[in-house]
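# Observations on the model geometry
Spelled out from the first residue to the last, the chains are:
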Amino acid sequence: MWNKLLKTVPGPRATGNHTCGTVVRLGSSEATPQVSRQARVVVAGAGLLGNSVAYHLADNGWSNVLVLDQSKVGSGTSHFGSGTIGLFKPTPERNIVVESLKLYQRLQDQGHDIGLRRCGSLNLAQTHDRVIALQRRAAYILPTGMAAELIDSETARKLHPFLYTDDLQGAVYVPDDCIADPAAVVQVLASEAKRKGVKYFEGCQVKYINTKNERVYSVETDVGTITCEYFVNCSGMWARELGLKCKPPVRVPAYPAQHYYALTPTLDLPTDDDNLLPCIRDYDSNLYARQYDQSLLVGWFEKDAKPAFEETKDIPKAWQEHLQDDPGHCAALWEKAVDRLPVLRDLRMPTVRNSPDNFTPDGRFIFGESAEVKNYFVACGMNGNPLQGSGGVGKALAEWIVSGTPTIDMLPFNVQRFLDLHNNRQYLQQRIREVVGRQYAILYPNQAEYKFARKLRCSPLYSVLEARGAVFGTKMGYERALYFDADYRRGDPLPTLPEGSFYKPKFFQHMEKEYQACAQHVGIIDISSFSKIEIKPGIQPDAAGSGGNAVLSYLQYMCANDVNIAVGHIVHTGMLNERGGYENDCMLIRQTEESYFMISPSSQQTRIYEWMSRNLPTDASVQLNDVTSMYTVINVVGPKSTLLMSELSNSDVRLAPFSYRKLNIGYASDVMIMSFTHTGMPGYCLYVPSEYALHVYDRLITRGRDYGARDVGTLTQRLLRIDKFIPFWGDELTSMTTPFEAGVFYSVRLDISQLKKKENFIGRQALERQKRDGLRKRLVLFHVEDIDIDKDVWPWGGEPLYRNNEFCGTVTSAGYGFASEKLVCLGYISRPDSNAVRTITTEFIMDKDAVYHIDIAGKRFRLTQHIHPKAAMASANERQDMSKSYRPTVVKEKKQQKS
């Protein structure tokens, strides 16, 4: 029964001429006007995220929005956050925070007192590596126009007189960082959303999300059912559990960790804007501190965090009653604060408060449309600071709902980056222990692996590779050999990943040997984590007009390339969105006239299956089958790979490029052998039924000894593809980049022949516009010149690129090119903002008067640009030959044997 009580909810400190609006409090016995049972959008959770989504939906003209909360507005943990808004972030996250700050500034300018104040921040470095990490971040923030000043410890002390600085090696001062009152922001967002027409219902618990035709249909609550088009799960700590209350269940992999902060007694600090102390982020001590009125608020992101509510079956509604004290844990945290702020030493240790917050398995926000149910959106997992990201996340999610497609690059945050294993409660409780501390850790590129919740997905070769010296990392929960320790011997302690470095990796010599095997002999790489999907005819008759082949018609519509290839052949293609950006980069193998086998990047397993499923014909004439775990994939790379494979099979393994056959390898039958390697080098990919994997691998290694075969890791494979100018998913290929911009023109077929156009495909019109109007950016390969690979910091990705001293782009991926003997960078460049002409051409890129540089941690190095891989390799070899000085060959006479 729909009983409710109308109650005005004032926002704290809220001022101005806006209308506070009303909140409907459900569950009361008092009679009240009837409330509609229908809404366009239902939002669950009236915290910072839920209110931000509702506000932005209303701001876009969508007023038929209901916000439900099991308690009342702001009753979760949103208003317990630190209130800091930090801009000194990695680029994708910083873009979100910038939008949050714009929103809060707009609210403040409208007369709402949300406590927004510009105080700046000091980001401290106790170690040399931390200094480099800060320098790298400052370098790629510089082109945005945001101020980030590298300062010494003495200057830091002047900016914050309470700071102990004797152990500091430097700091970065960011003058534009701010603080605000999270509790006030929660209420003001709700008040403004109501003023724009959004309705709020307090004391209303969501029980179940009903679906119809795989779409959101209605929301069951404890007081009635609401039909709706869209549902947005912003229920914070309860988001994961609410996701399970749906058929099919929706994955929301986020779990609360115990998160501690303390508020000191008053220190009589001045509170005027000119004397406000900057926020402190002492990364190496895992703590932050900010001025809070006349006191200091101190909080921690400790290395060994504690999951919250381990003793309860579910996250309790009365969560504050279930928080546990841990004096020993808190005392150690407080000691770190006293060391950094000696003024605290004379104070009695204040009460350390426990304010749980949601953290995600990889420490990044979660938002977007779920893979399981159409129009079911999620926003949660703010990882310890809800205020910082909620404004930008709410804006991005609302724009996605309104426009039907993301308006920003969603790959780092998309909820579809996870699998079922990530949603397991035990997994989350283990992973969260280290995710909290990683917020402040130095995450060395390609060298920052997780320690907890490992060995979940392993190929059948895992134990064998481990015994051969493999050092593992994870991708989509899959254990993958990063490299092999060439010095490891059976019986030794198993090798582990050494401490990371921004310089030459400490395992470089092992990768060099692996490269030599691939270039001169045979390299064997386990790449079983790649996503694998079968596309086959469905159970219904084929749709009329498709020529009797619904699968072919479907894939021609989904793919930019012509996939009508001969049976037994392979085509490389992209699947695009309406903007022409990538939704997938894949290989399609035509197994029969009406069936294909698709190979996609590991991280795409959930995302691309969802994308393809939602575009399936409505007559069930095409079906998809995820077979990722059915096959072990072995990459056999190198010039002697054909000789080796010929020994292992009675069949002819000399395949035409981009073709495949099913062969017997050793005693194993039905092994799919494909003539490509993902590396640009000769060889094969073997798709082995997993029960045969150990046998096939053993044959390859045993027979391969005669050919110099060696185990190779995925890090070496990554370097091979960078050196060959092969763009990769997530780095160069994203939803915001097109095949033309990436330079992979061969993967697009607008016309099959001069007389015949390819069938219409998603993104075709966008590509035709680009072909007609020209490109605004283009992927370029650069060789770094005049850099000492043994002494200088390496490029790792994210570094800014300059053309004639004007910012022109950013490095997307980088590594050492063993073939070119150069550090190699890939990056998109565009014309500088000062240039009136926006289109970019080959002539502009290769102009002989163009001088390119890269900024690596504040130091610039000259670059040589290339747009074709062969030209880049030829140029490198030419320079290499010219640099070699003449060295005579010493001829030794053979000693005569004594008779």
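Residues numbered from 1 in each chain as written. Predicted model: local features only at pLDDT ≥ 70, side-chain atom pairs only at ≥ 80, totals over all residues. Heavy atoms only, no water.

Within the chain one finds 20 helices and 42 strands. By principal-axis analysis of the C-alpha atoms, the chain measures approximately 110 × 75 × 60 Å. The proportion of buried residues among the 899 residues of the chain is 58%. Intrachain contacts of the chain at a sequence separation of at least 6 include 72% that bridge at least 24 residues. Put simply, the chain shows about 37,500 Å² of open surface, and 48% of that area lies on carbon and sulfur atoms. A distance of 3 Å separates the average location of the 105 positive side-chain charges in the chain from that of its 101 negative side-chain charges. (Helix = DSSP H or I, 4+ residues; strand = E, 2+ residues; numbered from the N terminus. Buried < 20%, exposed > 50% of the residue type's maximum accessible area, 1.4 Å probe, protein only. Contact = heavy atoms within 4.5 Å. Areas by Shrake-Rupley, 256 points an atom, 1.4 Å probe, with all protein chains shown as cover. Lys, Arg positive; Asp, Glu negative; His and termini not counted. Charge placed at Lys NZ, Arg CZ, Asp CG, Glu CD.)

This part is about helix H5 (residues 182–195). When the terminal C-alpha atoms of H5 are compared, their 20 Å separation across 14 residues agrees well with the 20 Å that a helix rising 1.5 Å per residue should span. Of all 14 residues that make up H5, 12 are buried, and the element is covered over most of its length. Backbone nitrogen of Ala183 and a side-chain oxygen of the N-cap are separated by 3.1 Å at the start of H5; the cap is Asp181. Positive phi appears at Gly197, one or two residues downstream of H5, with a value of about 115°. (Expected span 1.5 Å × (residues − 1). Polar contact = N/O pair within 3.5 Å; in protein donor to acceptor, adjacent residues only side chain to side chain.)

Turning to the domain arrangement of the chain, a few remarks are in order. Once the domains are mapped, the chain shows domain 1 (460–529 + 630–724) and domain 2 (531–626). The interface of domain 1 with domain 2 comprises 15 residues on the first partner and 16 residues on the second. Around 1,400 Å² of area is buried between domain 1 and domain 2 when both sides are counted, 67% of it from carbon and sulfur atoms. When residues of domain 1 are sorted by the area they lose upon contact with domain 2, Met476, Phe658 and Tyr660 head the list and together hold 39% of the total. One can count 0 salt bridges joining domain 1 with domain 2. (Domains from an automatic or database assignment. Buried area = accessible area lost by both parts, 1.4 Å probe. Salt bridge = Lys/Arg side-chain N within 4 Å of Asp/Glu carboxyl O.)

For the rest of this paragraph, the subject is the packing of aromatic side chains. Tallied over the entire structure, the rule returns 26 aromatic pairs. Relative to Trp796, the ring of Trp794 lies with its centre 5.9 Å away and its plane at 25°, an arrangement referred to as stacked. A single burial state applies to Trp794 and to Trp796, both of which are buried. A connected cluster of aromatic rings, assembled from ring pairs, spans Phe508, Tyr515, Trp794, Trp796, Tyr816 and Phe818. Taking the ring centre of Tyr802 as reference, the NZ or CZ of Arg860 above it sits at 3.8 Å. (Phe/Tyr/Trp six-rings, centres within 6.5 Å; stacked < 30°, edge-to-face > 60°. Lys NZ or Arg CZ within 6 Å of the ring centre and 35° of its normal.)

Here the focus is the pattern of salt bridges. Where charged atoms of side chains with opposite charge meet at close range, the side chains can pair. Enumeration over the complete set of coordinates arrives at 43 salt bridges. Two residues, Arg195 and Glu192, come together in a salt bridge whose shortest N-O distance is 2.7 Å. Here Arg195 and its partner Glu192 are both found in helix H5, 3 residues apart, which amounts to about one turn of the helix. Note on Arg195: relative accessible area 42%, which makes it partly exposed. Given a relative accessible area of 1%, Glu192 falls into the buried group. Between Arg417 and Asp362 there is a salt bridge whose closest N-O contact spans 2.7 Å. With a gap of 55 residues between them, Arg417 in the loop between helix H8 (386–403) and helix H9 (425–438) and Asp362 in the loop between strand E21 (357–359) and strand E22 (366–369) connect regions that are remote in the sequence. Take Arg417: its relative accessible area is 11%, and that puts it in the buried class. What emerges from the salt-bridge pattern is a single network uniting Glu99, Lys102, Lys395 and Glu399.

Our focus in this paragraph is unusual backbone geometry. The peptide bond linking Lys247 to Pro248 adopts the cis configuration, its omega dihedral lying at 0°. Relative to the assigned elements, Pro248 resides in the loop between helix H6 (239–244) and strand E15 (255–257). In this structure, Glu214 is a non-glycine residue whose phi angle is positive, near 65°. Relative to the assigned elements, Glu214 resides in the loop between strand E12 (206–212) and strand E13 (215–221). With a phi close to 70°, Asn375 is a non-glycine residue in the positive phi region. With respect to the helices and strands, the residue Asn375 is situated in the loop between E22 and strand E23 (376–380).

Let us now look at the environment of Ala517. Examined against the element boundaries, Ala517 turns out to sit in helix H11 (residues 508–520). Taking relative accessible area as the criterion, Ala517 reaches 3% and is therefore assigned buried. Measuring from C-alpha to C-alpha, the distance between Ala517 and Tyr707 comes to 9.3 Å, with 190 residues separating the pair along the chain. Residue contacts for Ala517: discarding those within four places in its chain leaves Val522, Gly523, Val637, Gly708 and Arg710.

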